[in-house]
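Each chain, written out:
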Amino acid sequence: MLIQSHDEAAGPSRSGRPLETAVAALALRLARVAGPRLGNPVLDRLSQVFARRHPRAAEALAELPAATVLVDPTDLPSGLLLRLGPGGLRLRLCDAAATTADAMVRGRFGALLDLAEGRIDGDALFFRRDLTIAGDTALVVALRNALDGEDIDLLAEIDAAAGPIGRFGPKARQHAAQTAARVAETLSGLRSALLRPEARRLDALERRVARVESRVESREP
Amino acid sequence: MAHFELICPAGTPAALRAAVDAGADAVYCGFRDATNARNFPGLNFSVREMAEGIAYAHGRGRKLFIAINTYPTAGNPGPWHQAVDQAASLGADAVILADYGLLDYAARRHPRLKLHLSVQASAANADAVTLYRDVFGVRRVVLPRVLTVPDIARLTAETGVETEVFVFGGLCPMAEGRCSLSSYATGQSPNRQGVCSPASHVRYEPRGTTLVSRLGDFTINRFEDGEPAGYPTLCKGRFVARGQASYLFEEPTSLNAIALLPELKAAGVRALKIEGRQRGKAYIAAVVGAYRQALDSFDRTGRAEVPQLAPTLADVIEGRRDTTGAYTRGWR
Amino acid sequence: MTATMNDAQLTLGPLLFNWPLAAWHDFYARIADEAPVDSVHLGEIVCSKRAPFFADHLPDVIERLTAAGKRVLLSTPILVTTDKERAAVRELLSMDGVAFEANDTGALLHLAGRPHAVGPYVNVYNEGTLAWLAGRGATSVTLPAELPEASIRAIAAAAAPLGVAVEVQVFGRIPLAISARCYHARSHGLYKDGCQFVCGQDADGLPVDTLDGEPFLAVNGLQTLSRRYLSLADRLDGLRSLGVSRFRLSPHAVDMVEVARLFRAVLDGALSGADADARVAERVGEAGITNGFLLDRPGADWVGAAHP
């Protein structure tokens, strides 16, 4: 019949999406050294690009009552707090364990990415145990439905949002903000890694992120 | 002999395009309000999106039906009348209605608008269908999921009305449009608000290693660690009767009548319907594509060859099991 | 209490459960002799397999009730799918000397053009549908259980000028769903075709609990009912002011004569609604009472007294 047994069913997230997860982990390490002063504008930029590219979804999310959704990737060090409602979409990194929200979606990053890209739907969300939903279930369903109405290619989204980061680099250099420059360079490296995945490139990036971290830490009192 | 018409769901413009591209003969959609029975957060079409959807479908030789299949609220029929008026002016190929008063309105106001009877009207016998045919000029009836194939054959032959049956997706074990289980637990019903077991009243509670799904004030199911969870649709929950916990009303299965294509053809069925306006575009593309392939192959060979869906789809089918439901007598 | 309350009528709905023939006979004999109800509905509306047991005895019971001054109506089945079931409906509707209540669209086809009642299983959600039904001969409608006060108000306002009486259920388990599948049989590991009439074991339906052991629903063959008993004694006054003139009591294995007397007493101003609801709550025990639907809340809710 159409439906295969559980064992044969290797759903999208069961492949785990290791590359995306590794890149996201590096990006989050970078974000931590960069701090919110540098990180928040990048996230705001991502929201703006999303609203411009997907007006239908942005409108649907803005029509919701003001509310927050905590996205908690269990295999990454940071969570993402989404604010929905009249002010439009706002994204912030957060410490998932210390953050409260109206609704929470928890799972491995790969599964969450499938959700964001519309690879799994609102019903399937509940048929699998690799995602946990808590709080306002309707909010999560609304978010999922809004995203599914779009043809979202997360790589393209990040590429569009990251475009100015490249330009941001030299500008930051003028102001002698060494950290910002290195962060920007490394970010654009991460971007390339997603677009042209190669294991060696990822290893090199990992070393680069570590260098940025140690430089910043050595300057801290 | 005419081909089966494949009728596919769309909750968003992206899903509509996916359905058309995957081979739907017609797509059914609703406006973004309580006038349709899938009034879920973030779903459905604005008037402009509906116009674009119709253009997309018509541009590729396909049809678009608009479901206005909740029961208008007493004292406030405006939104439902407006939805029918808009469907007519946008050039929808049919409206899918359930309420007598709204059918009466549509038949009087828009005599050229093609009327389909929604499954929510639960027209389960030839006498009922005859009334809708003779009084409102209904051209097609979407049959409730409580009939056997022989029941369907007799009804189709006797009334001469086109019949459309569900072949895939969520299965209502109850007669549709005659069920207040959801509103008993949540205050919101398919008939009034266009929702069943709405997400706004769903809570998942971890209790030790088990996960409990709650609807309103009631526990609908409990899952052990690792056991696939289900959405707490009331009739697909686990309850205790005669001292035993079981899926008393229906297991969390998905309807799949693909093996019954020859029987449904012999029964005179005109159109096959896929459930799931709330489902994602990836799901819709996969299911519609598989059915398109099966129907094309059936047209050539007269046999129902069951195609393999992508393994990823097994994941998104409720309970990962399927059933031919009421179409075969053993279900009862 | 105002004098207008006295033209309010009490109706006994059709018996939904599969009672032994003797109990069925005794029940209607006692209703005829003692219950202060104006109308009585007869007819097996849940499962066509049960109907043959009672068919031959219907004329006697009709005669007895009529002789006692009750208006008798025959209610048609909720779900009609087979040709045999259709033929049974046509046969029922050919009986002389009684009125009929339609519970599906097929029955409406046959009753067109002659006065008839429309039952709670026909979806009357708004004034548009009410007007359409009135145009075809409906003289009364019993509204679906899930309608809130606001809807009842709008429908009743439209019904008055059309001469259609509006009725609502005020006592008994609430019918929530109908299926082609028999859940009574299923709970016994049987199918509908070989059901052994196990529904006869539960006079008020088979209790269904949640996994937490909370009382939730009641199964009656193909039908699913609320576990709680609707009890709107304290809301009769309010419903009357909305234009509702008939109040339906749905039969149960409790003392229905007493239930009818309680509701009659409230309509006559001899007993407070809150007291009557409290008495009903005592009689139905742990199942509990509910009024949520009327107040636009979950149907399972009990909101409390209208006049605290």
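Calculation notes
- Residue positions are given per chain, counting from 1 as you read along its sequence in written order.
- Ligands are numbered from 1 and chains lettered from A, in the order in which they are written.
- With the structure being a predicted model, the display of local features is reserved for residues of pLDDT at least 70 and the display and counting of side-chain atom pairs for 80 or more, all residues being used for whole-chain, interface and lining totals.
- Put simply, DSSP marks the helices as runs of H or I at least four residues long and the strands as runs of E at least two long, and each gets a number from the N terminus on.
- Radius of gyration: C-alpha atoms only; globule rule: 2.2 Å multiplied by the number of residues to the exponent 0.38.
- Here a residue counts as buried when 20 or more other C-beta atoms fall within 10 Å of its C-beta, as exposed when 12 or fewer do, and as partly exposed in between; the C-beta atoms come from the backbone.
- A pair of residues counts as a contact when their C-beta atoms, built from backbone coordinates, are separated by no more than 7 Å.
- Three classes are used: nonpolar for Ala, Val, Leu, Ile, Met, Phe, Trp, Tyr, Cys and Pro, charged for Asp, Glu, Lys and Arg, and polar for all others, with Gly counted as polar.
- At least two DSSP bridges between two strands are required for those strands to pair.
- Axis lines are fitted through C-alpha atoms, for helices just across the contact stretch, and the angle between N-to-C directions can take any value from 0 to 180 degrees.
- Throughout this description, any angle smaller than 35 degrees is read as roughly parallel, any larger than 145 degrees as roughly antiparallel, any in the 65 to 115 degree range as roughly perpendicular, and the remainder as oblique.
- We call a crossing left-handed when the near helix sits turned anticlockwise from the far one by less than a right angle, and right-handed when that turn is clockwise.
- UniProt positions are given in the numbering used here, feature names are shortened, and annotations may be inferred rather than shown by experiment.
- Directions are taken from the helix axis to each C-beta atom, and the arc is the one they span.

1. Examining the overall build of chain C
The helix and strand tally for chain C stands at 11 helices and 12 strands. What you see for chain C is a C-alpha radius of gyration of 18 Å, in line with the 19 Å of a compact globule of 308 residues. Considering only C-alpha atoms, chain C reaches an extent of 50 × 50 × 40 Å along its principal axes. Taking all 308 residues of chain C together, 55% fall into the buried category. Contacts spanning at least 24 positions in sequence make up 68% of the contacts within chain C whose residues lie at least 6 apart.

2. Some words on the interface of chain B and chain C
The partner chain C presents 56 residues to the 56 residues of chain B that form the contact. Counting only elements with at least two residues in the side of chain B that touches chain C, the list comes to α4 (100-109), α5 (126-136), α6 (149-159), α7 (181-186), α8 (190-193), β10 (218-223) and β11 (239-241) of chain B. Here the side of chain B that touches chain C is composed, by residue class, of 30 nonpolar, 15 polar and 11 charged. The sheet contact formed by β11 of chain B and strand β8 (residues 206-209) of chain C spans 2 bridges and is antiparallel.

3. As for the arrangement of the chains
Considering every one of the 2 pairs of chains in contact, the largest contact total is recorded for chains B and C. When C-alpha atoms are compared, chain A and chain C, though not in contact, are closest at a spacing of 18 Å.

4. Quick look at the environment of Thr159 of chain B
Residue and element names in this part refer to chain B. In this structure, Thr159 sits in helix α6. For the pair Thr159 and Asp85, spaced 74 residues apart in sequence, the C-alpha separation works out to 28 Å. Look past the residues within four positions of Thr159 in its chain and what remains in contact with it is Ala126, Val129, Thr130 and Arg133.

5. Section: the packing of helix α3 (residues 78-90) of chain B against α4 of chain B
Residue and element names in this part refer to chain B. The geometry of α3 relative to α4 is characterised by a closest axis approach of 10 Å and an angle of 40 degrees between their N-to-C directions. Here α3 is positioned oblique relative to α4, judged by the angle of their axes. Read as a crossing pair, α3 and α4 show a hand that is right-handed. On α4, the residues touching Trp80, His81 and Val84 of α3 are Leu102, Tyr105 and Ala106.

6. With respect to the UniProt feature "binding site: [4Fe-4S] cluster" (unreviewed entry) in chain B
Under the feature "binding site: [4Fe-4S] cluster" (unreviewed entry), the UniProt entry names Cys172, Cys179, Cys196 and Cys235 of chain B. A maximum C-alpha distance of 10.6 Å is found for the annotated residues, which run over 64 residues; spatially they form one tight group. Take Cys179 of chain B: it is sitting in the loop between β7 (162-170) and α7. If sequence neighbours within four positions are ignored, Cys179 of chain B has contacts with Met174 and Pro190 of chain B together with Leu176 and Ala177 of chain C. As for its position among the elements, Cys235 of chain B is in the loop between β10 and β11.

7. Some remarks on the sheet that holds strand β5 (residues 131-135) of chain A
Residue and element names in this part refer to chain A. Read across the sheet, 5 strands follow the order β3-β2-β1-β4-β5 without closing on themselves; strand pairing throughout is mixed. Looking at strand neighbours, the two that pair on one side only are β3 (90-94) and β5, the edges of this open sheet. For this sheet, the mean inter-axis angle between neighbouring strands, taken without regard to orientation, is 20 degrees. Here 5 bridges tie strand β1 (residues 67-73) to strand β2 (residues 79-84), and the two strands are oriented antiparallel to one another. Residue pairing across strands places Ala67 opposite Leu84, the latter belonging to β2. Across the face of the sheet, helix α6 (residues 137-148) comes into contact with β1, β2, β4 (103-107) and β5 while running at roughly 80 degrees to β1.

8. Here's the deal with the sheet that holds β10 of chain B
Where strands meet in a sheet, backbone hydrogen bonds hold them as pairs that are either parallel or antiparallel. All names here are of chain B. In space, the 3 strands of this open sheet follow the order β8-β9-β10, with antiparallel pairing throughout. In this open sheet, the two edge strands, each paired with only one partner strand, are β8 (202-207) and β10. Taking each pair of neighbouring strands and ignoring which way they run, the sheet shows an average axis angle of 25 degrees. Sheet analysis places β8 next to strand β9 (residues 210-215), joined by 6 bridges and oriented antiparallel. For Tyr204, the partnering residue across the bridge sits in β9 and is Ser213.

9. Digging into helix α4 (residues 83-92) of chain C
Among all positions of α4 of chain C, only Arg86, Val89 and Leu92 of chain C are buried. Viewed along the axis of α4 of chain C, the buried residues span an arc of 120 degrees, placing them on a single side of the element. Residues of α4 of chain C that are exposed and angled more than 90 degrees away from the buried face: Lys84, Ala87 and Glu91 of chain C. Buried residues along α4 of chain C sit in contact with α5 of chain B together with β3 (71-75) and α5 (105-111) of chain C.

10. So, helix α4 (residues 109-116) of chain A
Residue and element names in this part refer to chain A. With respect to burial, α4 is a largely interior element, 6 of its 8 residues being buried. The set of residues buried in α4 consists of Phe109, Gly110, Ala111, Leu112, Asp114 and Leu115. Just past α4, the residue Gly118 takes up positive phi, approximately 75 degrees.

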